[in-house]
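Structure at a glance
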Amino acid sequence: AVVAVVGYACRGYLIDYTGLENAYPMFVALVAATLAYIVSDNLLQARGKVAIGEWLDTGRSYLTLGLQAALVLTGAGAAGMAGGLAGASTVFAFATVYFLGISPSVPDRQTLSDVWDFSRFSIPDGIIGKLYSRLDLLLIGWLVSPDAAGLYEVAFKLTFPAVLLSDVLVNALFVSVSSE
């Protein structure tokens, strides 16, 4: 509900920034589905089911890629990119809840108070940390254009396997080299 209200209040800015008439529903679907997945995945990890969480995240990545490719190839464009991620996140949020073995329910007042006491400092810290980690993309989108930010993100994703491979090799070789 909060995402829908904030998105509605910012819908003009979203349309201007993205150049897409359907930016508001895309924003709401994308943020709500992603939040649902992240929260359920964090609960799964907290219950000690880390391996299941990793496999579900891998499955979500593959489904996201497949849905995005299918939707973009059928002409959905940017809506296909958002729809692919939102769809995969929704499917795997439900899968994560299944593996948790719980039924979601509305929290009582005491639970909300406990959550607020625990998270009132970690939420702003998380937001600032995420913004900082994506500052390059945000600045490119703001200073140049959303199109340039999109191209930067694609280039970043294409180079990610090389960065991952070199990181794995460095970690493996560092142990051998440091023991010499």
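Before any of the text, the structure's been laid out above.
Residues numbered from 1 in each chain as written. Predicted model: local features only at pLDDT ≥ 70, side-chain atom pairs only at ≥ 80, totals over all residues. Heavy atoms only, no water.

So, on to the pattern of salt bridges. Throughout the structure, instances matching the rule amount to 3 salt bridges. Measuring nitrogen to oxygen at the nearest pair gives 3.9 Å for the salt bridge that ties D117 to R120. One salt bridge in this structure joins E153 and R134, with 2.4 Å as the shortest N-O distance. Here E153 is found in helix 9 (residues 146–178), whereas its partner R134 is found in the loop between helix 7 (122–133) and helix 8 (135–143), with 19 residues between them in sequence. (Salt bridge = Lys/Arg side-chain N within 4 Å of Asp/Glu carboxyl O. Helix = DSSP H or I, 4+ residues; strand = E, 2+ residues; numbered from the N terminus.)

One finds Y37, L44, L56, F92, A93 and L100 forming the largest nonpolar core, which totals 6 residues. Of all elements in the fold, only helix 3 (23–46) and helix 5 (78–100) reach the threshold of two or more residues within this core. At 3 residues, the largest contribution of residues to this core is made by helix 5. (Core = buried A, V, L, I, M, F, W, Y, C linked by side-chain atoms within 4.5 Å. Buried < 20%, exposed > 50% of the residue type's maximum accessible area, 1.4 Å probe, protein only.)

A surface patch of nonpolar side chains, about 1,200 Å² in accessible area, is lined by I123, I127, I128, L131, Y132, L135, L138, L139, W142, L143 and V144. Looking at the nonpolar patch, the elements with two or more residues in it are helix 7 and helix 8. Tracing the backbone shows L135 in helix 8. (Patch = residues over 30% accessible without salt bridge, like charges linked within 9 Å, V, L, I, M, F, W, Y side chains within 5 Å. Areas by Shrake-Rupley, 256 points an atom, 1.4 Å probe, with all protein chains shown as cover.)

We now examine the environment of D108. Position of D108 among the secondary structure elements: in the loop between helix 5 and helix 6 (109–119). When the C-alpha positions of D108 and L151 are compared, they lie 45 Å apart, and in sequence the two are 43 residues distant.

Scope: geometric values only; no functional claims are made or implied.
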